[in-house]
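# Structural characterization, general
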Protein chains: 2
Amino acid sequence: MRPILPAFFAAALAAAGPLAHADEGMWQPHQMPQLADLLKARGLQLEPEALSELTAHPLNAVIGFGFCTASFVSPQGLLVTNHHCALGSIQYNSTPERNLLRDGFLAATPADELPADPSMRVYVTDEISEVTERIVGELPADLDGRARFDAIDAAGKALVADCEAPGGVRCEVYTFHGGLQFYLIRRLELRDVRLVHAPANAVGEFGGEIDNFEWPRHTGDYSFMRAYVGADGRPADHHADNVPYQPKSWLRVARDGLAENDFVMVAGYPGSTNRYRLASEVRDAIEWLYPTRVEVIDETLSIIAGETADRPDAAIRYAGTVASQKNGRKLFQGHLDGFARIDAVGIKAAEEAALLGWADRQGERGKQARDTLAALNAELAAAAATRDRDFHLGQIGNGGLLGVAVRLRRQAHENSKPDAERELGYQERDRPRNQAMLRQFERRFDPQVDRALLAARLQRYAALPADQRTTELDRWLGIGADGSAPADLARRLDALYAGTGLGDTDQRLHWFAASQEQIVAADDTMLKLADTLLPVILRLDEENKARSGRMAVLRPRFMQAMIDFRAAEGRPVYPDANNSLRITFGRVRGYSPRDAVTYAPFTRLAGINEKHSGEEPFAAPADQLSAIAEGRGVGPYRLASIDDVPVNFLSDVDTTGGNSGSPTLNGRGELVGLLFDGNYESLASDWIYNPAVTRSIHVDTRYMRWMMEQVDGAGHLLREMGL
Amino acid sequence: MRPILPAFFAAALAAAGPLAHADEGMWQPHQMPQLADLLKARGLQLEPEALSELTAHPLNAVIGFGFCTASFVSPQGLLVTNHHCALGSIQYNSTPERNLLRDGFLAATPADELPADPSMRVYVTDEISEVTERIVGELPADLDGRARFDAIDAAGKALVADCEAPGGVRCEVYTFHGGLQFYLIRRLELRDVRLVHAPANAVGEFGGEIDNFEWPRHTGDYSFMRAYVGADGRPADHHADNVPYQPKSWLRVARDGLAENDFVMVAGYPGSTNRYRLASEVRDAIEWLYPTRVEVIDETLSIIAGETADRPDAAIRYAGTVASQKNGRKLFQGHLDGFARIDAVGIKAAEEAALLGWADRQGERGKQARDTLAALNAELAAAAATRDRDFHLGQIGNGGLLGVAVRLRRQAHENSKPDAERELGYQERDRPRNQAMLRQFERRFDPQVDRALLAARLQRYAALPADQRTTELDRWLGIGADGSAPADLARRLDALYAGTGLGDTDQRLHWFAASQEQIVAADDTMLKLADTLLPVILRLDEENKARSGRMAVLRPRFMQAMIDFRAAEGRPVYPDANNSLRITFGRVRGYSPRDAVTYAPFTRLAGINEKHSGEEPFAAPADQLSAIAEGRGVGPYRLASIDDVPVNFLSDVDTTGGNSGSPTLNGRGELVGLLFDGNYESLASDWIYNPAVTRSIHVDTRYMRWMMEQVDGAGHLLREMGL
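The structure reproduced in this document is the subject of the present report. On a predicted model such as this, the values are computed, not experimentally measured, just so you know. (Residues numbered from 1 in each chain as written. Chains lettered and ligands numbered in written order. Predicted model: local features only at pLDDT ≥ 70, side-chain atom pairs only at ≥ 80, totals over all residues. Heavy atoms only, no water.)

Moving on: the overall build of chain A. In terms of helices and strands, chain A carries 26 helices and 20 strands. The globule rule puts the C-alpha radius of gyration for 723 residues at 27 Å, and the 26 Å found for chain A is close to it. By its C-alpha atoms, chain A is 75 × 75 × 60 Å across when sized along the principal axes. Relative to its 723 residues, chain A shows a buried fraction of 55%. Counted over contacts in chain A with a minimum sequence separation of 6, partners at least 24 positions apart contribute 76%. For chain A, the exposed area adds up to about 29300 Å²; of that, 52% sits on carbon and sulfur atoms. (Helix = DSSP H or I, 4+ residues; strand = E, 2+ residues; numbered from the N terminus. Rg over C-alpha atoms; globule rule 2.2 N^0.38 Å. Buried < 20%, exposed > 50% of the residue type's maximum accessible area, 1.4 Å probe, protein only. Contact = heavy atoms within 4.5 Å. Areas by Shrake-Rupley, 256 points an atom, 1.4 Å probe, with all protein chains shown as cover.)

Below is the structure:
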């Protein structure tokens, strides 16, 4: 990214006033010094430079934790994250006799700590280096799409392989601004992680799916884990002789909590945003992508409900799928509702027009910008022309038992290549995760449901126009050359499910180790269908890679134009979220979700008793309810403006999925909360940030401390944190 | 009611401070002078005495209108009420070709006004007199329950007959404080009522059932009618020669609207409250009455949905039933939710204990109060012992086709007595209304649905313990002496529905005119079942009357004790609502429905565009949306605090069903709004007034005027109102 012109920026800041805008932006740490004036105006008391050092306090206390974020809070490797991020490890240790999920868990001493879910890893970033030149620096400008894709892919894989060679680290190349910049990030991978403390599920998930994305919220979404290393201080597998990892730094919990309008910042690993998409892409999302997703989810939910109606065992197998589909439905519908609040396409079109207008005033750049935009739109239109085919084939080939078969067939195909040339996700480094996935499939599979879902997907595919279908699948389905309906689908599906052994875990693992020749020769109907589909999938992959290669030229050009345009206006540009560490700042702030309704930024203990109905997910534990009713120990944690202990709070920091568990810091860099959700009205902000209603939801450390002190008896952990 | 001690009252007022309490109370007009200090402190600028005169301004402008309230707003008989109160008349004039309900209606001149629904009556109260002495003054103290009931009943009927003898008036005896006081109210009955103006349904019912009882609200719930009389000035049937009724007074619409915290008062005809019920009655409501009602409604809704699933014609017939059942469900569940917000039984128990404590300190009164309470509780316990029987027999005998048969059978039974001795509802004066009901039954009847509902009711009855059932119905159902399940219910119902002609309107009207002998001899299975049930119903009636007679001694004693106790505390007592004219006052005020959520007291025009989705009930008319989007004509109606035209507002006046359409007046007695609903959180306030959350919902006259001026072109009506 080009340097910002500080003079312009300061002028713009002065003109806007310190509180004129909510502070959109998921900033790369190295950008923080550029924002120094703004940060100070907002209330940052640390030197902004302190926030640019990935390997110094406070950022080196912030770590990747599964798909979440966590932070170290003691010199002995104690870390805090969301309850929902630790859920796998809590469930892993739960048995009907000792139901930790329901009852919560507290290790009285380190010896009582329990091993986390074995797939759990803690990633401590220890190096970040820009590798743009090494990836695209020497690529000829006229390289075609497919070759460009391969060159970028190969360069990235080589960098990762080099980086990981010494062992004990995990490396990844992160793409910024659609390929304008690349960074190689090296992270220490700690494999021995243990569960230290989790509140009861009725606290940690209070409100459950009903309150998901909602405010007001009263969720104790925190849990404590501890990272361990071998006696030599190096990452090691779980072992009794391991010792707590001693992080280079850790966060201090603030003694004084926040009040309304106070400065806050959040450091974490946001997953993905689309802030620089074109107007045409927003229109596509509104008119096709999200409505289609909602429609398919509704169908999926209705099929699962129907097929499991009288079969509780099958219903349990799909409980996780149902929960995630419902979550997805709310997410996608939330995007549509958010787009409808604003003139989403119009806003993007105006942005593009402003950029082009500025570029025109720079002479030749105007034509360049117009050409880039036109070329991008042409690529997008080409992709849109096959979007139905791609979406519905994706539904068929990625889910359920057929998805497993396709994965096994693809693995064998990739295995026939040298490791470095294999697709991402099919390399040797991915083997343990893939094996675990194949094993866990048994817990969420029922052949009757699987078959009904596949039947529905195939019907949708069959209903596509002929130019959106493929010869291979048409032939398998018995769709005539005249486009007639699939013949005997039920019979075909009977045979498909009768003739496969992939429902059996041992067989799945057996085929995972098989060669391409063995799989092709396999006497398994599902693997045979996967073999039929493989050429289709590879063909689509080719198309995608060629398009990605072409986009890898166009997107960076567009982003460079955007960055230059904004620099001229004194506005720095942050990249779209891509799972790399970011900092966002803002203030504690409520909002008005609709006419005549105001949401205050803090919820209270009393609100828990108010919501408590005794029925899940609003069944607070009896000891918590009585502690609240008695007003026990409120004093030290009381917030004057609400005359109670604050439970959750809202801020206007700019976050998205992946930020869960992120530490929320005050102006002194002290821990005041844990981010755990965004509000429903903010969902479309993944595309267009709407400052009026975009809020993040945090659990207040005062609530966490009050619970640990008054309800869960976790005083020793508070002391370990220096409280 | 005994006089209040002004000294005590003033002291209590001074101690409490003018805004310490929301002002609970549906006051009788004659009580207003007693509240003079409080009213002035709150902001009343009229002399309180002006509010005690039923036959002077402003109260004589406030009139009963069906089950609603309305008010005169011009010297030419123009009256304003809620859109939902005028709905019957709008529907009556609607045709597929000229859909007034959908499009709204505006009479350009009086000649264009349309006749109201023929059953519509306007009642102008013209005399009110206490008749307590004439009803219970000479009853011996030791009269038994049944005889006391009859004596009160006969005295009331005689007073009504005398009063109505001159014609053109409707008289009724109203019971206050459970029989401590009786008032005879005479009202002029105007029969020629015409529709003048209604906004489009999408305005008048904006938000529909979804927003029912909800805030924030954006409903244009107003309509205009006009009352006509004969050329001689006396009430007359609809006729072209009739002339507008000239009311003695009419309300002026305020030029300046309200702001938050402003004083408001509402005059109207609230239907029924239970503010002086005992703790045991509240417990019964929480544990049995409302849960049972909700359960039966859920069953009813599910049966109607199932039986009309593929039959749109049948679905239309039950659309009204479904709407009212859903409304009832929300109402009853709202009661339960409201009770759960407070310690409802505990509050009542504490009130009773305080009363008894005070009575104990008065010497002998303590024992009297305790005896009364014990006797009341014994009567209530006796009633509770048969509550299941009474409730489920009521469900069987009052609804559907069997309900019609029972009504016809009962009418014939009553017809055999002199008119004055007949039950209320079966007298000659009730004939036109009963005939209309029998005729209209055809629009909401389908034999398949009716049969399924009756079957479910009978199953519920059959499941009652033997001592809650009756020999007659058990025999009809074929329930064995051993309490075995009803035999062949389906066959019995087949025969019941095959052998009745009551589905036919002519036959219903025929039997309405029949003698008891003819009905008993009728060859109609449904009438035969009604004949079987009649002795049961009469027996239950006897029990009820005897209990009512005994309660008619006990309730007044309890209320007298309550009145004396409160008088000693300086607190006047208002009677429970009973459809008589009441005044309530308070201020414009939002509330917090739950932790961290605040409701502002005014909604804005912008909120209509926000809620507008294009789908009913959120499909605002295009001309309204564009007027809002353009900000057309906002100036004169703008409320500074919201920078927009206020649409609806909240106040803490104390109202209930029947208050719909009531004029909302400012401190000068000018019209500032029309009450049209209460919020969900207030529903349990019918039993226990909860000042924190009890709010009434009003349409702001500024919205009404803006709509009439900017959207509906009703300037001539605004001018008629002097604007």
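Next comes the rest of the write-up.
It is worth spelling out helix 13 (residues 365–385) of chain A at this point. All names here are of chain A. Compared with an ideal rise of 1.5 Å per residue, which puts 21 residues at 30 Å, helix 13 spans 30 Å between its outermost C-alpha atoms and is within 8% of the ideal. If you check which residues of helix 13 are buried, you get Gly-366, Ala-369, Thr-372, Leu-373, Leu-376, Glu-379 and Leu-380. The arc enclosing the buried residues of helix 13, seen along the axis, measures out at 165 degrees, which places them on a common side. In this structure, the buried side of helix 13 is in contact with helix 9 (279–307), helix 12 (344–361) and helix 22 (525–568). (Expected span 1.5 Å × (residues − 1). Arc of directions from axis to C-beta.)

Attention now goes to helix 11 (residues 319–341) of chain A. Residue and element names in this part refer to chain A. Between its first and last C-alpha, helix 11 extends 33 Å over 23 residues, near the 33 Å set by a 1.5 Å rise per residue. The complete set of buried residues in helix 11 reads Gly-328, Phe-332, Gly-334, His-335, Leu-336, Gly-338 and Phe-339. Elements in contact with the buried residues of helix 11: helix 9 and helix 12.

Facing 15 residues of chain B, the contacting portion of chain A comprises 15 residues. For the pair chain B and chain A, the summed buried area comes to about 1200 Å², and 46% of that belongs to carbon and sulfur atoms. Inspection of the region where chain B meets chain A yields 2 salt bridges. Asp-595 of chain B serves as the salt-bridge partner of Arg-604 of chain A, at 2.9 Å between the closest nitrogen and oxygen. Summed over the shared surface of chain B and chain A, the result is 9 residue pairs in polar contact (both at pLDDT 80 or more). If you list the elements that add at least two residues to the side of chain B that touches chain A, you get strand 15 (597–599), strand 16 (602–604) and helix 23 (605–611) of chain B. Its residues assigned to classes, the side of chain B that touches chain A shows 7 nonpolar, 4 polar and 4 charged. Note: strand 15 (residues 597–599) of chain A against strand 15 of chain B, 3 bridges, orientation antiparallel. Looking at strand 15 of chain B, one finds that Tyr-599 of chain A is bridged to Val-597 of chain B. (Buried area = accessible area lost by both parts, 1.4 Å probe. Salt bridge = Lys/Arg side-chain N within 4 Å of Asp/Glu carboxyl O. Polar contact = N/O pair within 3.5 Å; in protein donor to acceptor, adjacent residues only side chain to side chain. Nonpolar A, V, L, I, M, F, W, Y, C, P; charged D, E, K, R; others polar. Pairing = 2+ DSSP bridges.)

Moving on: unusual backbone geometry. Across the chain, the bulk of peptide bonds are trans and the bulk of non-glycine residues have phi less than zero. Residue and element names in this part refer to chain A. For the bond from His-57 to Pro-58, the omega torsion is 0 degrees, close enough to zero to count as cis. Mapped onto the elements of the fold, Pro-58 is located in the loop between helix 2 (36–42) and strand 1 (62–65). Phi angles above zero are rare outside glycine, and Asn-261 is one such case at about 75 degrees. Summarising the element assignment, Asn-261 is placed in the loop between strand 11 (243–244) and strand 12 (263–268). In this structure Asn-261 comes out as partly exposed when scored by relative accessible area, which is 44%. A positive phi angle is found at Asn-579, which is not glycine, with a value near 75 degrees.

Okay, the environment of His-392 of chain A next. All names here are of chain A. Mapped onto the secondary structure, His-392 falls in helix 14 (residues 387–398). The exposure class of His-392 is buried, given its relative accessible area of 7%. Spatially, the C-alpha atoms of His-392 and Tyr-461 are 6.0 Å apart, while their sequence positions differ by 69 residues. Setting aside residues no more than four positions away along its own chain, His-392 makes contact with Val-296, Arg-460 and Leu-464.

It is worth spelling out the relation of the copies chain B and chain A at this point. Mapping between the two copies of the chain is achieved by a rotation about an axis and a shift along the axis. Superposing chain B onto chain A requires a rotation of 180 degrees together with a translation of 0.1 Å along the rotation axis, leaving an RMSD of 0.1 Å. The relationship between the two copies is best expressed as a two-fold rotation axis. Minimal C-alpha distance to the rotation axis in chain B is attained by Thr-598 of chain B, lying at 2.6 Å. Taken together, the interface assignments show that 100% of the residues at the interface of chain B recur at the interface of chain A, consistent with an identical surface on both copies. (Least-squares fit on C-alpha atoms with pLDDT ≥ 70 in both.)

Our focus in this paragraph is the sheet that holds strand 19 (residues 671–678) of chain B. Residue and element names in this part refer to chain B. One open sheet accounts for 7 strands, arranged 13-12-18-19-20-17-16; its pairing is antiparallel. Each having just a single partner strand, strand 13 (582–587) and strand 16 make up the two edges of the open sheet. Pairwise comparison of adjacent strand axes, ignoring direction, gives a mean angle of 30 degrees for this sheet. By the bridge criterion, 6 bridges tie strand 12 (residues 263–268) to strand 13 in an arrangement that is antiparallel. Bridge pairing in strand 13 places Ala-267 opposite Ile-583. On the sheet, helix 25 (residues 701–711) packs against strand 16, strand 17 (646–651), strand 19 and strand 20 (696–700) and is oriented at approximately 35 degrees with respect to strand 20. (Axes fitted to C-alpha atoms, helices over the stretch in contact; angles between N-to-C directions.)

Core analysis: the largest hydrophobic core is formed by 248 residues, its most contacted members being Phe-224, Tyr-703 and Trp-706 of chain A together with Phe-224 and Trp-706 of chain B. If sequence neighbours within four positions are ignored, Phe-224 of chain A has contacts with Val-73, Leu-78, Leu-79, Val-80, Arg-194, Leu-195, Val-196, His-197, Met-704, Met-708 and Met-721 of chain A. Formed by 67 residues, the second largest nonpolar core is a distinct cluster that contains Leu-301, Ile-303, Leu-402 and Val-536 of chain B. (Core = buried A, V, L, I, M, F, W, Y, C linked by side-chain atoms within 4.5 Å.)

Applying the stated criterion to the full structure yields 4 disulfides over all chains. With a sulfur-sulfur separation of 2.1 Å, Cys-68 of chain A is cross-linked through a disulfide to Cys-85 of chain A. Judged by the torsion about the S-S bond (-85 degrees), the Cys-68 of chain A/Cys-85 of chain A disulfide is left-handed. Of the two residues, Cys-68 of chain A is situated in strand 2 (residues 68–72) and Cys-85 of chain A in helix 3 (residues 83–92); the sequence distance between them amounts to 17 residues. Across the disulfide, Cys-163 of chain B is cross-linked to Cys-171 of chain B (sulfur-sulfur distance 1.9 Å). Torsion about the S-S bond of the Cys-163 of chain B and Cys-171 of chain B cystine: about -65 degrees, corresponding to left-handed handedness. The same class applies to Cys-163 of chain B and to Cys-171 of chain B, which are both buried. Along chain A, the cysteines that take part in disulfide bonds pair up as 1-2, 3-4, counted in sequence order. (Disulfide = S-S within 2.5 Å.)

The subject of this paragraph is the pattern of salt bridges. For the structure shown, the criterion picks out 110 salt bridges over all chains. Here Arg-429 of chain B and Glu-164 of chain B are joined by a salt bridge, their closest N and O atoms 3.0 Å apart. Here the residue Arg-429 of chain B occupies a position in the loop between helix 15 (400–415) and helix 16 (431–440), and Glu-164 of chain B occupies one in helix 6 (residues 145–164), the gap between them amounting to 265 residues. Residue Arg-429 of chain B is classed as partly exposed on the basis of its relative accessible area of 26%. Here Arg-547 of chain B makes a salt bridge to Glu-379 of chain B, at a shortest N to O gap of 3.9 Å. Pair noted here: Arg-547 of chain B is in helix 22 (residues 525–568) and Glu-379 of chain B is in helix 13 (residues 364–385), with a separation of 168 residues, a long-range link. Accessibility classification places Arg-547 of chain B together with Glu-379 of chain B in one group, the buried group. Here the salt bridges share partners, and the residues they tie into one network are Glu-295, Glu-299, Arg-457 and Arg-460 of chain A.

Another aspect to go through is the pairing of strand 3 (residues 78–81) of chain B. Residues and elements named next belong to chain B. Burial along strand 3 is two-sided: the face carrying Leu-78 and Val-80 and the face carrying Leu-79 and Thr-81 are both buried. With 2 bridges connecting them, strand 2 (residues 68–72) and strand 3 associate as antiparallel partners. What sits directly across from Phe-72, in strand 3, is Leu-79. Linkage of strand 2 to strand 3, two consecutive antiparallel strands, is achieved through a turn of 5 residues, within which Gly-77 is found at a positive phi near 70 degrees. Of the strand pairs in this sheet, strand 3 and strand 10 (residues 223–229) are connected by 4 bridges, and their pairing is antiparallel.

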